[in-house]
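Close look at the chain arrangement
Residue-level listing of the chains:
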Amino acid sequence: QFGAIGSRLTGAGWGGCTVSMVPTDKLNTFLKNVKKAYYQTDAQRLALENNSLFATKPGRGALVFVEA
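Remember, it's a predicted structure, so these values are computed and weren't measured experimentally.

Definitions and cut-offs
Residues numbered from 1 in each chain as written. Predicted model: local features only at pLDDT ≥ 70, side-chain atom pairs only at ≥ 80, totals over all residues. Heavy atoms only, no water. Helix = DSSP H or I, 4+ residues; strand = E, 2+ residues; numbered from the N terminus. Rg over C-alpha atoms; globule rule 2.2 N^0.38 Å. Buried < 20%, exposed > 50% of the residue type's maximum accessible area, 1.4 Å probe, protein only. Contact = heavy atoms within 4.5 Å. Areas by Shrake-Rupley, 256 points an atom, 1.4 Å probe, with all protein chains shown as cover. Lys, Arg positive; Asp, Glu negative; His and termini not counted. Charge placed at Lys NZ, Arg CZ, Asp CG, Glu CD. Pairing = 2+ DSSP bridges.

Topic: the overall build of the protein
Scanning the protein from terminus to terminus reveals two helices and two strands. In the protein, the succession of α and β elements from N to C terminus is β-β-α-α. At 16 Å, the protein has a C-alpha radius of gyration far larger than the 11 Å of a compact globule built from 68 residues. Expressed along its principal axes, the backbone C-alpha trace of the protein runs to roughly 55 × 30 × 20 Å. Here the protein holds 68 residues, and 7% of them are scored as buried. Taking all contacts inside the protein whose residues are at least 6 apart in sequence as the whole, residues at least 24 apart take part in 15%. Of the accessible surface of the protein, which amounts to about 6300 Å², a share of 54% is contributed by carbon and sulfur atoms. For the protein, the distance from the average position of its 8 positive side-chain charges to the average position of its 4 negative side-chain charges is 8 Å.

If you want it as structure tokens, here you go:
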């Protein structure tokens, strides 16, 4: 709805979070819309927003080196 290519709920048993893949050109709009729809509807959530809503770039992932 807000421009993510995909989104996944993770850690739901411990409070949970979502990891969303969002194109760079849609990132600011995505973050603004999530803040408005989720954080600004609840005072407790709004207090946590600065530490809970952020963007990162994916890394290469894990590697295994095997000697030949």
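Description of the pairing of strand S1 (residues 6-10)
Among the five residues in S1, zero count as buried, and that is only a small part of the element. Bridging between S1 and strand S2 (residues 17-21) involves five bridges; their strand directions are antiparallel. Residue pairing across strands places Arg8 opposite Val19, the latter belonging to S2. Hairpin connection from S1 to S2: six residues lie between these consecutive antiparallel strands, with Gly11 at a positive phi of about 65 degrees.

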